[in-house]
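Structure at a glance
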Amino acid sequence: MTDSPNEDALQTMLAKQAITEVIYGYCRALDRMDKDAAYAVWHSDGTSDYGEGIYQGTGWGFVDWVWTAHAAMSTHSHQISNVLIQVDGDRAVSEAYVTVALRTLPFGDSADVADIYSRGRYVDQWSFRDGRWAIDHRNYITDHSVTLPNSNPEPHDPRSIRGPEDISVALFD
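Residues numbered from 1 in each chain as written. Predicted model: local features only at pLDDT ≥ 70, side-chain atom pairs only at ≥ 80, totals over all residues. Heavy atoms only, no water.

What to know about the sheet that holds strand β6 (residues 132-150)
Spatial strand order, β2-β1-β6-β5-β4-β3: 6 strands in an open sheet with mixed pairing. Every other strand in the sheet has two partners, leaving β2 (56-58) and β3 (73-88) as the edge strands with one partner each. Strand-to-strand twist of the sheet, defined as the mean angle between neighbouring strand axes without regard to direction, takes the value 15 degrees. Sheet topology note: the strand β1 (residues 42-49)/β2 ladder contains 3 bridges and is antiparallel. Note on β2: the bridge partner recorded for aspartate 49 is glutamine 56. Contacting β1, β3, β4 (91-104), β5 (113-129) and β6, helix α1 (residues 7-31) runs over the sheet at an angle of about 165 degrees to β3. Helix-sheet contacts for helix α3 (residues 59-71) involve β1, β2, β3 and β4, and the interaxial angle to β1 is about 65 degrees. (Pairing = 2+ DSSP bridges. Helix = DSSP H or I, 4+ residues; strand = E, 2+ residues; numbered from the N terminus. Axes fitted to C-alpha atoms, helices over the stretch in contact; angles between N-to-C directions. Contact = heavy atoms within 4.5 Å.)

Side note on the environment of glutamine 17
One can find glutamine 17 in helix α1. Relative accessible area serves as the criterion here: at 42%, glutamine 17 is assigned to the partly exposed category. Sequence-wise, glutamine 17 and glycine 53 are 36 residues apart; in three dimensions their C-alpha atoms are separated by 33 Å. (Buried < 20%, exposed > 50% of the residue type's maximum accessible area, 1.4 Å probe, protein only.)

Here we look at the pattern of salt bridges
For the structure shown, the criterion picks out 10 salt bridges. Note that arginine 32 is salt-bridged to aspartate 166, the shortest N-O span being 3.6 Å. Of this pair, arginine 32 sits in the loop between α1 and α2 (35-39) while aspartate 166 is found in the loop between β6 and α4 (167-172), placing the two residues 134 residues apart along the sequence. With a shortest N-O distance of 2.9 Å, arginine 121 and aspartate 143 are connected by a salt bridge. Residue arginine 121 is found in strand β5, and its partner aspartate 143 is found in strand β6; the two are separated by 22 residues along the sequence. Taking relative accessible area as the criterion, arginine 121 reaches 18% and is therefore assigned buried. (Salt bridge = Lys/Arg side-chain N within 4 Å of Asp/Glu carboxyl O.)

A look at the nonpolar core
In this structure, Tyr26, Tyr122 and Trp126 are the most contacted members of the largest nonpolar core, which totals 28 residues. Looking at this core element by element, the count peaks at 8 residues for α1. Setting aside its immediate chain neighbours within four residues, tyrosine 26 contacts Val41, Trp42, Tyr50, Phe62, Tyr122 and Arg138. (Core = buried A, V, L, I, M, F, W, Y, C linked by side-chain atoms within 4.5 Å.)

Comments concerning the packing of aromatic side chains
In total, this model carries 11 aromatic pairs according to the counting rule given. Ring centres of tyrosine 39 and tryptophan 60 lie 5.6 Å apart, and the angle between their planes is 50 degrees; on these two criteria the pair is classed as tilted. Taken as a pair, tyrosine 39 in helix α2 and tryptophan 60 in helix α3 lie far apart in primary sequence, 21 residues in all. Residue classification places tryptophan 60 among the partly exposed positions, given a relative accessible area of 36%. Ring centres of phenylalanine 128 and tryptophan 133 lie 5.5 Å apart, and the angle between their planes is 55 degrees; this geometry places the pair in the tilted category. A network of ring pairs unites the aromatic residues Tyr26, Trp42, Tyr50, Tyr55, Phe62, Trp65, Tyr122 and Tyr140 as a single cluster. The ring of tyrosine 26 is capped by arginine 138, whose NZ or CZ atom sits 4.8 Å from the centre of that ring. (Phe/Tyr/Trp six-rings, centres within 6.5 Å; stacked < 30°, edge-to-face > 60°. Lys NZ or Arg CZ within 6 Å of the ring centre and 35° of its normal.)

As for the environment of glycine 89
You can see glycine 89 is positioned in the loop between β3 and β4. A residue is classified by how much of its surface remains accessible, and glycine 89, at 60% relative accessible area, is exposed. Spatially, the C-alpha atom of glycine 89 lies 33 Å from that of isoleucine 54, the residues being 35 residues apart in sequence.

Now the structure itself:
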């Protein structure tokens, strides 16, 4: 292959990479408790549907809702895989598999905690506006979820910090 990619193919590749970075950045924003970065995933008029009984409303409203839920956890970690993206000009759709592991704070009079593992998919509609790709609408689909009691949790690495003090934050500023 000696031919260089045409401009449309190059723009499509750049769009796919930009969208992938936003998806990854969303998980990082949640795990590092960086609310502004989490808001930036959505356009200001973006919407979010995590299913009846969980959350349906604006993207920014979801960030506010999940912030309260995550504040009640001692740790959480989100991973993304199987990212598929189709780009059509300044619009795109994507599906990304997500796995989240959460550990509650101790509850009741005991030191017991619960570990929650959930697997699902972000099915997103995107647009390129104001010089950036962001979500117009997200459907989150839960494929599997389990909550396990844990009466003897091992401590996590003390360097794992949910906030601006985490070692990785300084690297990316």
